[in-house]
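# An overview of the molecular structure
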Amino acid sequence: MRSILAVATLAAVLALATFPIRADDAGDARAKALKEKLEVCAACHDEDGVSKMDGVPSLAGEPDFFTEYQLLYFRGETRKNEQMMAVARDLTDDDIRDLGAYYASLPGPPALTDPDPDPALTQAGAQLIKDRHCAQCHLDTFVGQGEIGRLAGQREEAIVKALHDYQHGARRGAATSSCRRSPIP
Ligand code: HEC
Ligand code: HEC
């Protein structure tokens, strides 16, 4: 028994000596994995993380934990979306950490420069946001924090869909009962 153990230990030592794992190699492999994943994400969320596609939210400037949590929800299929569940299925925990950090490092979507098509609607929204204290969590600049999503510069239809999903229970994140107190039927 002892000799079998000794042989196994020797084999393990030799294997380590023959294939030393360098920290650099591990780092390179992780950077390469991130690059490959980002190419997939860019197909819908765009290279700069500012979506140009209807129904696809922007990711640029989202707080790190917000992105990480959403990817965990898609991977665990508690947030359901066919496209995102297919993407998240293959993500490792390290991929999710790296993707969260990457999108948080990008500048958020630029403010609109086109003339406001419906200033009365914008005004009504601003009043609701004030009355319902949305900034308490999403911050005065609406950049979000921690697991709380960024709303500033987010695509309008993506915000509307998120509120519908919270209201109808299709999406359940932390504290969403607060976001749900929205007037949208
Ligand atoms: C085929 C298109 C497609 C690809 C590829 C894709 N996404 Fe998405 N993603 C979507 C759609 C559509 C949604 C909105 C889902 C919904 O309405 O619930 C979304 C939502 C998200 C969200 C939630 C954002 C929010 O504001 O709620 C995150 C985070 C996200 N995607 C990250 C990624 C990452 C990271 C990748 C690459 C690994 C990726 N996506 C690849 C289409 C895609
Ligand atoms: C108590 C804290 C809190 C308050 C108050 C709050 N939110 Fe949120 N909000 C959150 C959290 C946490 C998330 C992320 C939830 C998740 O994981 O899906 C979120 C997510 C959102 C999202 C989805 C973002 C995305 O990209 O997917 C929208 C839209 C939103 N909130 C709007 C609002 C509005 C509008 C109000 C005011 C009526 C509001 N929230 C008030 C905590 C809050």
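Everything that follows concerns the structure shown earlier in this document.
Helix length check: helix α6 (residues 119-131), at 13 residues, gives a terminal C-alpha distance of 18 Å against a target of 18 Å (1.5 Å per residue), a fit within 8%. In terms of burial, α6 is largely open, as just 0 of its 13 residues are buried. Directly after α6, the chain includes H133, whose backbone phi takes a positive value near 55 degrees.

Here we come to the site of ligand 1. Contacts to ligand 1 come from 20 residues, most closely from C41, C44, P57, Q70 and N81. Every element with two or more residues in the shell around ligand 1 is listed here: α2 (23-45), α3 (64-75) and α4 (82-88). If you tally residues by element for the shell around ligand 1, the top one is α2, at 6 residues. Considered class by class, the residues forming the shell around ligand 1 number 11 nonpolar, 7 polar and 2 charged.

What follows concerns the site of ligand 2. The full set close to ligand 2 counts 25 residues, and C134, C137, G149, G173 and C179 are the nearest of them. Counting only elements with at least two residues in the shell around ligand 2, the list comes to α7 (135-138), α8 (156-167) and α9 (176-180). Considering only residue class, the shell around ligand 2 consists of 12 nonpolar, 9 polar and 4 charged.

Running from amino to carboxyl end, α3 crosses helix α5 (residues 93-105) at an angle of 140 degrees, the nearest separation of the two axes being 8 Å. In terms of orientation, α3 and α5 fall into the oblique class. Once α3 is placed against α5, the crossing between them reads as right-handed. Two secondary-structure elements touch here, α3 through D64, F65, T67, E68, L71 and L72 and α5 through I96, R97, L99, G100, A101, Y103 and A104. Residue classes in the contact of α3 with α5 are distributed as 8 nonpolar, 2 polar and 3 charged.

Basis of the calculations
Residues numbered from 1 in each chain as written. Chains lettered and ligands numbered in written order. Predicted model: local features only at pLDDT ≥ 70, side-chain atom pairs only at ≥ 80, totals over all residues. Helix = DSSP H or I, 4+ residues; strand = E, 2+ residues; numbered from the N terminus. Expected span 1.5 Å × (residues − 1). Buried ≥ 20, exposed ≤ 12 C-beta atoms within 10 Å, placed from the backbone. Near = placed C-beta within 6 Å. Nonpolar A, V, L, I, M, F, W, Y, C, P; charged D, E, K, R; others polar. Axes fitted to C-alpha atoms, helices over the stretch in contact; angles between N-to-C directions. Parallel < 35°, antiparallel > 145°, perpendicular 65-115°, else oblique. Left-handed = near helix turned anticlockwise from the far one by under 90°. Contact = placed C-beta atoms within 7 Å.

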